[in-house]
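In case you want the letters, here they are:
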Amino acid sequence: MRWHDGAVSDAVSIKERLQADLTSAMKARDDVATATIRMIRSAITTAEVAGDEAVELSDDDVIGVLRSEAKKRKEAAEVYAANGRDAAAATELAELAVVERYLPAAMGDEELIAIVDDEVAAARDSGAEGGKAMGVVVKAVRTSVGAAADGARIAALVKQRL
């Protein structure tokens with residue numbers, strides 16, 4: 001899997017990478033990275049103990065938590081910027097950059113469109129069209145692309161192509 005910062009890792013889990021990077025950030029006295037990685041680890045722990053039983057999140061589940069945290073930072077930065085709070089917006093964007101290091105690199109538009117078109121054609125061949133095919137196609141595309149594309153991006157593209 002290729003990450004936003006160019007690192008490629010199959011053997012090390014995201015949680016292990018976060019722990020190692022936290023230690024490095026603390027040693028380097030990088031306050032933004034230290035605080036953001038601690039926040040990410042806290043969000044992961046919260047997700048692990050959120051149900052009736054504590055669970056160990058898989059890397060795909062952790063990526064879901066990371067996407068949620070990235071979305072929060074992006075939305076907060078937009079709100080701060082719209083209200084003239086540029087310093088707060090800059091802080092949120094700095095945290096967003098740290099979170100994005102742990103997200104897989106996003107799939108390119110052309111590659112995603114090709115997968116969506118293939119799945120739309122497959123749905124039409126099986127007799128599903130229009131709104132009825134939406135759920136089937138989105139599920140098939142999400143299975144194909146995994147964590148390389150955001151669910152909202154997939155849904156919007158499928159809707160456009162149907």
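Residues numbered from 1 in each chain as written. Predicted model: local features only at pLDDT ≥ 70, side-chain atom pairs only at ≥ 80, totals over all residues. Heavy atoms only, no water.

## Concerning the overall build of the protein
Let me state the cut-off plainly: Comment: elements are numbered from the N terminus, with helices defined as DSSP H or I runs of at least four residues and strands as E runs of at least two. Throughout, exposure labels follow a simple rule: accessible area from a 1.4 Å probe, protein chains only, divided by the maximum for the residue type, with under 20% read as buried, over 50% as exposed, and the rest as partly exposed. By the convention used here, residues are in contact when the closest approach between their heavy atoms is within 4.5 Å. Per-residue accessibility takes into account occlusion by the displayed protein chains alone, with areas from the Shrake-Rupley method and a 1.4 Å probe. None of His or the chain ends enter the tally, which takes Lys and Arg as positive and Asp and Glu as negative. Lysine's charge is taken at NZ, arginine's at CZ, aspartate's at CG and glutamate's at CD.
Of regular secondary structure, the protein possesses 7 helices and 0 strands. Taken from N to C terminus, the helices and strands of the protein fall in the order α-α-α-α-α-α-α. Viewed in the frame of its principal axes, the protein has a C-alpha envelope of about 60 × 40 × 35 Å. Counting every position in the protein, which comprises 162 residues, the buried fraction comes to 33%. Restricting the contact set of the protein to residue pairs at least 6 apart, pairs at least 24 apart contribute 61%. For the protein, the exposed area adds up to about 9,600 Å²; of that, 51% sits on carbon and sulfur atoms. Treating the 21 positive side-chain charges of the protein as one cloud and the 29 negative ones as another, the clouds have centres 3 Å apart.

## Structural notes on the nonpolar core
We apply this condition: Buried residues of nine kinds, namely Ala, Val, Leu, Ile, Met, Phe, Trp, Tyr and Cys, make up a nonpolar core once their side-chain atoms join them within 4.5 Å.
I14, L18, I40, I44, L66 and Y102 are the most contacted members of the largest nonpolar core, which has 21 residues in total. Listing elements by their share of this core, those giving two or more residues are α1 (14-27), α2 (31-48), α3 (59-82) and α4 (86-100). Those residues in contact with I44, other than ones at most four positions away along the chain, are K15, L18, L57, V62 and V65. Counting residues in hydrophobic clusters, the runner-up holds 16 residues, among them V116, V138, L157 and V158.

## Quick word on the pattern of salt bridges
Any two side chains of opposite charge can pair, given that their charged atoms come close. Heads up, the condition is: A carboxyl oxygen of Asp or Glu within 4 Å of a side-chain nitrogen of Lys or Arg is what we treat as a salt bridge.
Under the counting rule described, the total for this entry stands at 7 salt bridges. As a salt-bridge pair, E92 and R73 come within 3.8 Å of each other at their nearest N and O atoms. On the criterion of sequence distance, the pair formed by E92 in helix α4 and R73 in helix α3 is long-range, its members being 19 residues apart. On the basis of relative accessibility, which here comes to 14%, the residue E92 falls in the buried class.

## Side note on α4
Basically, it comes down to this: What a helix is expected to span follows from its residue count: subtract one and scale by 1.5 Å.
Between its terminal C-alpha atoms α4 stretches 21 Å, which fits the 21 Å expected from 15 residues at 1.5 Å a residue. Three or more residues of α4 are buried, namely A88, A89, E92, E95, L96, V98 and V99. Contacts from the buried residues of α4 go to α2 and α3.

## Details of the side chain of R17
Examined against the element boundaries, R17 turns out to sit in helix α1. Overall, R17 belongs to the buried group, its relative accessible area being 13%.

## Structural notes on the packing of helix α5 (residues 109-125) against helix α6 (residues 131-145)
To be explicit about the condition: For every element, the axis is a line fit to its C-alpha atoms; helices are fit only across the contacting stretch, and the angle between N-to-C directions ranges from 0 to 180 degrees. Angles below 35 degrees are treated as roughly parallel, those above 145 as roughly antiparallel, those between 65 and 115 as roughly perpendicular, and all remaining angles as oblique. Crossing chirality is assigned from the near helix's rotation relative to the far helix, an anticlockwise turn below a right angle marking it left-handed and a clockwise turn marking it right-handed. In this count, Pro and Cys sit with the nonpolar residues alongside Ala, Val, Leu, Ile, Met, Phe, Trp and Tyr, while Asp, Glu, Lys and Arg are called charged and the others, Gly among them, polar.
Two elements in contact, α5 and α6, have axes separated by 9 Å at closest approach and are oriented at 135 degrees. Classified by the angle between their axes, α5 and α6 sit oblique to one another. Considering the relative orientation of α5 and α6, their crossing is right-handed. Residues L112, I115, V116, E119, V120 and A123 of α5 form the contact with α6, whose participating residues are A133, V137, A140, V141, S144 and V145. For the contact of α5 with α6, a count of residues per class yields 10 nonpolar, 1 polar and 1 charged.

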